[in-house]
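Fold and geometry: a report
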Amino acid sequence: MNSKDLDSKFEQLLTKVRRYNGADTKLLKRAWKFTKLAHTGQKRLTGEPYISHPLAAASILAEWRLDETSIIAALLHDTVEDGGAKKEDLCSEFGEDVCRLVDGVTKVSDLKLRGERKEQQLENLRKLILVMAKDLRVVLVKLADRIHNMQTLSALPKSKQVRIARETVEVYAPLAERLGIGEVKGQLEDLAFPYLYKNEYKELVKVSKPYYKKAQEYINKMKRSILKDCAKQNIRPEVHAREKHLFSLWKKLQRPNIKGDIKKVNDIVAMRVVVESVEDAYKLLGIVHSLYKPIPHLGFSDFIAQPKPNGYRSIHTKVFGPGIRPVEVQITTIHFHEHNEFGFAAHWSYSEAKQTRATPEKLDKGVMIEKKKLDWVKQLVEWQKQLTDKEEFMKAVKFDALAHRNFIFSPKGDVYDLPSKATPVDFAFAVHTDMGRHVKAAKVNGRVVSLSRKLKSGDVVQIIKTKLPKKPTRDWLEFVATENAKRGIRKHMREWKK
Ligand code: MN
């Protein structure tokens, strides 16, 4: 690509941003000039001019409809580290927010997220989340940067390819998933796949191709029948075939009940139907079920009537398609679809809770814990969606909006959002009531501390448990900060007397 092509690609970016943001693009143009100057004469290992990279990252963010500041930060994200720009110049020209974002992205890039040791990994993940909590956009810029680096990974030396691909699968893909951008997770994994498992990748591409094709044709056949009946009822749905990502197919093939048999994977392509209203969604469900019999016991879930804990809303039904082949049909509305896709409403809290198989009561508890864990990210994300109201948005993504919160980590890296005066006992009860009843001692960042110690954001707390429930201590009521812990202690005291 020559510089003229790049300029016209930049013009396309401007058009796109104008369309959803309506903002004045003067600053974006200045950023483009600035990055061109800073990267003068520099080339990527692919042979392309260096600026093709920040431009690609910025374009990805525009796809996600992010705000101007993020896109400017993406354009500038390498100008200081890799280009010839000075940080002071960048900050004085583009202001505090852009400056902070670029700085954050650089910091995240410096973290080696895949340490040799587990503790090191945790430590780095912890730092990453703290950077992220300050401004979620840092991570979004970083994810866009990573996607483009993965797209051009073939230009790098072999030894680096594997390390970067592994980090992508182990850190960035799960991060994207946790943020609810499942599409990005799938994209990152598929980009890394050929570098990590070359032969398996090639083999799977070859083997799966006819299955994808057949499934597509099959869905198209169903689509025609469904559209015909919709026309009669005056519904105008959009029907997409949704292909399963290759890496996720590969992982599914390894499940013991599937044992590598691709014929057993019946969601290789699912059908997604998007309609205008909730009313239409139920009408459509009627149409689908009258054309194709639902598969008994296999799965009908109405997440419109009962949204998943993370807010995901859609109706899922598995039916026998023509020729009695099982097909999953997902029905949602335009409004919910936007939210499901871009609303960062991942299914992680739901599926993680589901895996902690146990009593329904425990499951319920699990969902609650997971939900709480998700809340702060979800809130950040909710806020970042309100691109139109600039001031509100700024308030939301800035750290002071979160200053009263403490992010406390379990040794496994789970994050708990606790108030500022919380103690290890609060933490224990936040993890599980049962853990609260077994507290013997606590370690913070590896050191034994008093149970009344006030925790700080970023602390890693490990609870040392007694074998049997411990006699409750009234003293704890004096120092715990959360209602949840107080309630737990009182209940424990009542029950202990009996
Ligand atoms: Mn970069």
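Structure's up top.
All figures in this text were calculated on a predicted structure; none of them were measured in a lab.

**Brief notes about the overall build of the chain**
Of the regular secondary structure elements, the chain holds 20 helices and 10 strands. In the chain, buried positions account for 48% of the 498 residues. For the chain, contacts bridging at least 24 residues in sequence account for 67% of all contacts bridging at least 6. With an accessible surface of roughly 25,600 Å², the chain has 52% of that area assigned to carbon and sulfur atoms.

**A word on the coordination of the manganese ion**
The manganese ion binds to the protein through His53 (NE2), His77 (NE2), Asp78 (OD) and Asp145 (OD); the donor distances cover 2.2 to 2.4 Å. Along the chain, the residues donating to the manganese ion fall in the pattern H-x23-H-D-x66-D. Taken together, the positions of His53 in helix α3 (residues 52-63) and Asp78 in the loop between α4 (68-76) and α5 (87-110) put the pair 25 residues apart, joining distant regions of the chain. Since its relative accessible area comes to 10%, Asp78 is described here as buried.

**Focus: helix α20 (residues 483-497)**
Between its first and last C-alpha atoms α20 spans 22 Å; for 15 residues at 1.5 Å apiece the expected length is 21 Å, and the two agree. The inward-facing, buried residues of α20 abut α17 (424-431) and α19 (476-479).

**Notes on the pairing of strand β5 (residues 326-333)**
Two faces make up the sheet, and in a regular strand the side chains alternate between them. Burial analysis of β5 places 7 of its 8 residues in the buried class, the great majority of the element. Of the strand pairs in this sheet, strand β2 (residues 269-275) and β5 are connected by 5 bridges, and their pairing is parallel. Paired with Arg272 across the bridge in β5 is Gln330. Bridge count for strand β4 (residues 315-320) against β5 is 6 bridges, and the pairing is antiparallel. Paired with Phe320 across the two strands is Pro326, which belongs to β5.

**Regarding the state of the cysteines**
Think of a disulfide as a covalent bridge from one cysteine sulfur atom to another cysteine sulfur atom. In the structure shown here, the tally under the stated rule is 1 disulfide. Across a sulfur-sulfur distance of 2.0 Å, Cys91 and Cys99 are joined as a disulfide pair. In this structure, the disulfide formed by Cys91 and Cys99 twists by about 50° around the S-S bond and is classed as right-handed.

**Focus on the packing of helix α1 (residues 3-21) against α4**
Here α1 crosses α4 at 165°, and the two axes come no closer than 11 Å. Here α1 lies roughly antiparallel to α4, going by the angle between them. Considering how the two elements wind past one another, α1 and α4 form a crossing that is right-handed. Of the residues in α4, those touching α1 at Phe10, Leu13, Val17, Tyr20 and Asn21 are Glu68, Ile71 and Leu75. When grouped by side-chain class, the residues that make up the contact of α1 with α4 number 6 nonpolar, 1 polar and 1 charged.

**What to know about the side chain of Ser59**
Mapped onto the elements of the fold, Ser59 is located in helix α3. The class of Ser59 is buried, set by a relative accessible area of 16%. Among the polar contacts made by the side chain of Ser59, one reaches the main-chain carbonyl oxygen of Leu55 at a distance of 2.8 Å. Once residues lying within four places of it in the same chain are set aside, the contact partners of Ser59 are Leu13 and Lys16.

**As for the sheet that holds β4**
Taken together, 5 strands build an open sheet; the order of strands is β1-β2-β5-β4-β3 and the sheet is mixed. Only two strands of the sheet have a single neighbouring strand rather than two, namely β1 (238-243) and β3 (300-302). When the angles between neighbouring strand axes are averaged without regard to direction, this sheet yields 25°. Of the strands in this sheet, β1, β2, β4 and β5 are in contact with helix α10 (residues 198-232), which crosses β2 at around 30°.

Criteria and thresholds
Residues numbered from 1 in each chain as written. Predicted model: local features only at pLDDT ≥ 70, side-chain atom pairs only at ≥ 80, totals over all residues. Heavy atoms only, no water. Helix = DSSP H or I, 4+ residues; strand = E, 2+ residues; numbered from the N terminus. Buried < 20%, exposed > 50% of the residue type's maximum accessible area, 1.4 Å probe, protein only. Contact = heavy atoms within 4.5 Å. Areas by Shrake-Rupley, 256 points an atom, 1.4 Å probe, with all protein chains shown as cover. Donors = N, O, S within 2.8 Å, 3.2 Å for Na, K, Ca; no water. Expected span 1.5 Å × (residues − 1). Pairing = 2+ DSSP bridges. Disulfide = S-S within 2.5 Å. Axes fitted to C-alpha atoms, helices over the stretch in contact; angles between N-to-C directions. Parallel < 35°, antiparallel > 145°, perpendicular 65-115°, else oblique. Left-handed = near helix turned anticlockwise from the far one by under 90°. Nonpolar A, V, L, I, M, F, W, Y, C, P; charged D, E, K, R; others polar. Polar contact = N/O pair within 3.5 Å; in protein donor to acceptor, adjacent residues only side chain to side chain.

Geometry only, nothing functional implied.
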